[in-house]
Amino acid sequence: MAELNLVNRPIHELAAGLAAKEFSAAELVAAYADRVAAKDGEIKAFLKLDREQALKAAEAADARRAAGKPLSDFDGIPVGIKDCIVAEGESCSCASKILAPVKSPYDSTAVARLRAQGFIPFGRLNMDEFAMGSSCENSAFQKTANPCDVSRVPGGSSGGSAACVAAGFAPAALGSDTGGSIRQPAAFCGIVGLKPTYGRVSRYGLVAFASSLDQIGPMTHDALDAGILLDAIAGGDPMDSTSLPNPAGGFADAVRNSSGSLKGMKIGLPKEYFTGSGLASGVETITQQAIEKVRSLGAELVEVSLPHTRYAVAVYYIIATAEASANLARFDGIRYGDRKEGRDLVDTYFKTRGEGFGDEVKRRILLGTYVLSSGYYDAYYLRAQKVRTLIRRDFEEAYKQCDLMLTPVTPTVAFKFSEKTSDPLQMYLSDIFTIALNLSGNCGISVPAGRDPETGMPVGVQFLAPALAEARLLQVTDTFMR
């Protein structure tokens, strides 16, 4: 079977092909596995791929179809999994040396729900260590390249997931978004990346970075696929007390029923994202073209304000590092992980964590411990939580004037390797347009909008929506991409 018949096709097309018996699930999985074997040596999206296990799952899917009992229309379709989302029997290192020996004894809720529909978890995808980074250069094992230009980064922390989809190694992947870690790499690699409302998708089985910010979401070729995966993984979960109890679903149908017009829709343009925001000229050009396209599709454009946006980066790096400091305290080599024996218990802790964690993880643990320490808690952490409330209220006020907002995703296109590693602050500012959404808990999506005229690299734009408005967000994305 010719590889081009299968690669870079969205989930919904593959589902139709399986239903029409154009190919089998085993043939589909083999085609993707062959492509990974041939091309991933250059891209390095995968930390691990068990071809035989995936083929066994595909053969089981084919047997169910032959018996007339498929688990869903998508039974037998592979989906890549970021290496911080656990799957039973698979390694889950979070791209860190300290967890390299660990295999998960259970499925995360997101993976379990994918399996329930017959989706096949397809490999472990590279990431910045413990999801801390914006370039996928912080992995302890390898650096993932951008499939559009292998001299450039794919973004982070879900860089492996974005590269996997963009390179045609799987039709879709799961990532996680703490401050833009789905949307930024999606923009860098030219794919769709959805950050759902906080609590829409269970975090059970997602190794925590910052628990009040993390959210699992789909990375796909188009809006319909994003809706299909969100339908599969969303919904309340008794194993996660922060998951929303309301029924979830109907996202794919919302896309299918999209009118193809934005007439009657009010799209807000937050002035803080466009004035003095440091946009590179190519990104600004493509963003302005996207604004004009939205206008031509019938939307009314209104200027809105998010006045506390200027504090978002500072607030994020206080809250996120504080939560990371607490969450990563459990990784000490005593109960599990890669233990380094020392003279005594304290020395064992020092050696295990000192050798097991990379520089960026250590930097964030130290910063988080500092802002939580006696004498600094009120000055930093408590104040950051108060400003977070103001940021959330800014979004609430803006949505009284508009249905959605449109913004850039990143100030620049994907940058070259090592360009920002020597300056952590510049790396942190890569997420300047994505961080506020996580602080507010609302939903957003990165959508391919064009190519930078100078470098030819992808440029994305971001649609932001109120909490639980994913259906509307996906409809607008589908209309925009037609």
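Notes on the structure follow. (Residues numbered from 1 in each chain as written. Predicted model: local features only at pLDDT ≥ 70, side-chain atom pairs only at ≥ 80, totals over all residues. Heavy atoms only, no water.)

**Thoughts on empty space enclosed by the protein**
Following the criterion strictly, the structure yields five cavities of 30 Å³ or more and no others. By volume, the largest cavity is sized at about 60 Å³. Gly133, Ser134, Ser181, Tyr316 and Asp431 are, among the 13 residues lining the largest cavity, the residues nearest its centre. Residue classes in the lining of the largest cavity are distributed as five nonpolar, six polar and two charged. Its volume calculated, the second largest cavity comes out at about 50 Å³. (1 Å grid on protein atoms, 1.4 Å probe; cavity = no way out; pocket = protein on both sides within 12 Å on 5 of 7 lines; lining within 4 Å. Points joined across faces, edges and corners; volume = space filled by probe spheres on them. Nonpolar A, V, L, I, M, F, W, Y, C, P; charged D, E, K, R; others polar.)

**Description of the sheet that holds strand E3 (residues 120-125)**
One open sheet holds the eleven strands; their spatial order is E1-E3-E2-E4-E6-E5-E10-E11-E9-E7-E8, and the pairing between them is mixed. In this open sheet, the two edge strands, each paired with only one partner strand, are strand E1 (46-48) and strand E8 (300-304). Mean inter-strand twist for the sheet, computed between neighbouring axes without regard to direction, equals 35 degrees. Where E1 lies against E3, two bridges are found, and the strand directions are antiparallel. From the neighbouring strand, Phe46 faces E3, where its bridge partner is Leu125. (Pairing = 2+ DSSP bridges. Helix = DSSP H or I, 4+ residues; strand = E, 2+ residues; numbered from the N terminus. Axes fitted to C-alpha atoms, helices over the stretch in contact; angles between N-to-C directions.)

**Some remarks on the packing of aromatic side chains**
As enumerated under the stated definition, the model contains 17 aromatic pairs in all. For the ring pair Tyr316 and Tyr317, a centre distance of 4.8 Å and an interplane angle of 85 degrees mean the geometry is edge-to-face. Using a relative accessible area of 3% as the deciding quantity, one classes Tyr316 as buried. Members of the aromatic cluster, joined through ring pairs, are Phe130, Phe331, Tyr336 and Phe357. The aromatic ring of Phe480 is capped on one face by Lys293, whose charged end is 4.7 Å from the ring centroid. (Phe/Tyr/Trp six-rings, centres within 6.5 Å; stacked < 30°, edge-to-face > 60°. Buried < 20%, exposed > 50% of the residue type's maximum accessible area, 1.4 Å probe, protein only. Lys NZ or Arg CZ within 6 Å of the ring centre and 35° of its normal.)

**Some remarks on the state of the cysteines**
Evaluated as defined, the whole model comprises zero disulfides. Between Cys402, a cysteine without a disulfide, and Cys443, which holds the nearest cysteine sulfur, the sulfur-to-sulfur distance is 12 Å. Accessibility expressed as a relative area gives 5% for Cys402, which makes it buried. Looking at Cys443, the relative accessible area reads 0%, which means it is buried. (Disulfide = S-S within 2.5 Å.)

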